[in-house]
Amino acid sequence: MSKKISRRSFLKSSAGIGAVTFLGATLMPRSILSFNPGKADISVVNGTNYYESTIKAMDALGSMTKFVKKGDSVGLLVNSAFDQKGAYVQPDIPLAVIRMCTEAEAGRIICLQKIADDYWNRKYIDLDFSVDLEMLEQVETNVFPAEFNEEEWELIKEPKGAELLKDTEVIKAVLDLDVFINIPIAKHHGTTLYTGALKNMMGLCTRKSNVNMHLGSGERNDPIYLGQSIAEINLIRKPDLIVVDATEFITSNGPSGPGEMKKMDKVVAGTDIVAVDALCCSYVNFSSDEIVSISKAHDMGIGNKNYYQLNISEITL
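All figures in this text were calculated on a predicted structure; none of them were measured in a lab.

**Things to note about the overall build of the protein**
Of regular secondary structure, the protein possesses nine helices and 15 strands. Counting every position in the protein, which comprises 317 residues, the buried fraction comes to 57%. If you take every contact in the protein between residues at least 6 apart in sequence, the share linking residues at least 24 apart comes to 72%. Accessible area for the protein stands at about 13,200 Å²; split by element, carbon and sulfur atoms hold 48% of it.

**Description of the pairing of strand β15 (residues 311-316)**
The element β15 is largely enclosed, with a buried count of six among its six residues. Residues N311, S313 and I315 line one face of β15 and the alternating positions I312, E314 and T316 line the opposite face, and both faces are buried. As paired strands, strand β4 (residues 42-46) and β15 are joined by five bridges and run parallel to one another. Bridging across to β15, V44 finds its partner in E314.

**A word on helix α9 (residues 292-299)**
Among the residues making up α9, those that are buried are V292, S293, I294, S295 and A297. Next to the buried residues of α9 lie α5 (197-200), α7 (223-233) and α8 (273-283).

**Re unusual backbone geometry**
Going from F144 to P145, the amide bond is cis rather than trans, its omega being -5°. The topology assignment puts P145 in the loop between β7 (137-138) and β8 (153-156). A positive phi angle, close to 65°, is found at E105, a residue other than glycine. Backbone geometry at D265 places phi at a positive 55°, although glycine is not the residue there. As for its placement among the helices and strands, D265 is situated in strand β14 (residues 261-270). For D265, a relative accessible area of 14% corresponds to the buried category.

**Examining the confidence of the model for the protein**
Across the protein, the average pLDDT comes to 90, with 88% of residues at 70 or higher. Considering only residues more than four positions removed or in separate chains, one finds that residues 1-28, a stretch of pLDDT under 50, has 64 contacts.

**Description of the layout of surface pockets**
Of the pockets and cavities examined, the largest pocket occupies roughly 970 Å³. Forming the boundary of the largest pocket are 36 residues, of which F82, Q113, F144, K199 and N210 lie nearest the centre. At the level of secondary structure, the elements contributing two or more residues to the lining of the largest pocket comprise α3 (117-120), β11 (187-189), α5 and α6 (207-215). Examining the composition of the lining of the largest pocket, we find that five residues originate from one element, α6, more than from any other. Residues of the lining of the largest pocket, tallied by class, amount to 14 nonpolar, 14 polar and eight charged.

Definitions and limits used
- Residues numbered from 1 in each chain as written.
- Predicted model: local features only at pLDDT ≥ 70, side-chain atom pairs only at ≥ 80, totals over all residues.
- Heavy atoms only, no water.
- Helix = DSSP H or I, 4+ residues; strand = E, 2+ residues; numbered from the N terminus.
- Buried < 20%, exposed > 50% of the residue type's maximum accessible area, 1.4 Å probe, protein only.
- Contact = heavy atoms within 4.5 Å.
- Areas by Shrake-Rupley, 256 points an atom, 1.4 Å probe, with all protein chains shown as cover.
- Pairing = 2+ DSSP bridges.
- pLDDT = per-residue confidence, 0-100.
- 1 Å grid on protein atoms, 1.4 Å probe; cavity = no way out; pocket = protein on both sides within 12 Å on 5 of 7 lines; lining within 4 Å.
- Points joined across faces, edges and corners; volume = space filled by probe spheres on them.
- Nonpolar A, V, L, I, M, F, W, Y, C, P; charged D, E, K, R; others polar.

Okay, structure coming up:
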């Protein structure tokens, strides 16, 4: 069982649609925004209609058309592989992303991990997505335990700037995308403490590469080695957009569960993967300083873990 700590800050939503108030003078954001389309660096939307929350979160960033242009190739990395509620991204969130990409006239939408058909049946929203899903492509061989093949995978000998990652096998499609969207769930993880956007990047790699991250130091599950390896995946291809499911998630026995559940009904979106993870790990009762991948990614210049320095908008639907 991981140690739970008191958060140094927390978010409190205003009644109705309004701005968030941050408590704790040391974590005062640079700018707290009421709903002002296109002005937020990070958007947090509270509500039980997760499909609409996802759309509203994107509106605060400037809408999906700010990221996806007509004809663009868009890749999605969705944490969908688990069966236990609270361990997988609620389907309404990627479905909203897919619909927005379709409406932005994306030329191609591809899931970088194969998603099982029954996953989409867990949605809450009563809308028909059959046409959207028929057009959706998938990397068919990226199913655990994924193995390398020359058609769909690329061997990266030494990622530029990486100290630990060597001979890393990644999905070839991610290297050719116009837009890469990372869709993780905020939840507990037994080894890294927190699963979020940075940890979700391991879904781009084969089992062999992921095993090397766990064992490469000579010590099984060395948290420092694993955390830095996770951060370094972003040197291969950093996401352009992160949309996090912080609606209902496990706070123990991760990543697969079952575990203690926490329901916050939040969808979070942003472009800085480190800042987004630093905020969302607080929902799972951790400080960003406890999560090695966040600290390492910050030190490497991949993003800014001091999310409170950014423009943050939080609203309630």
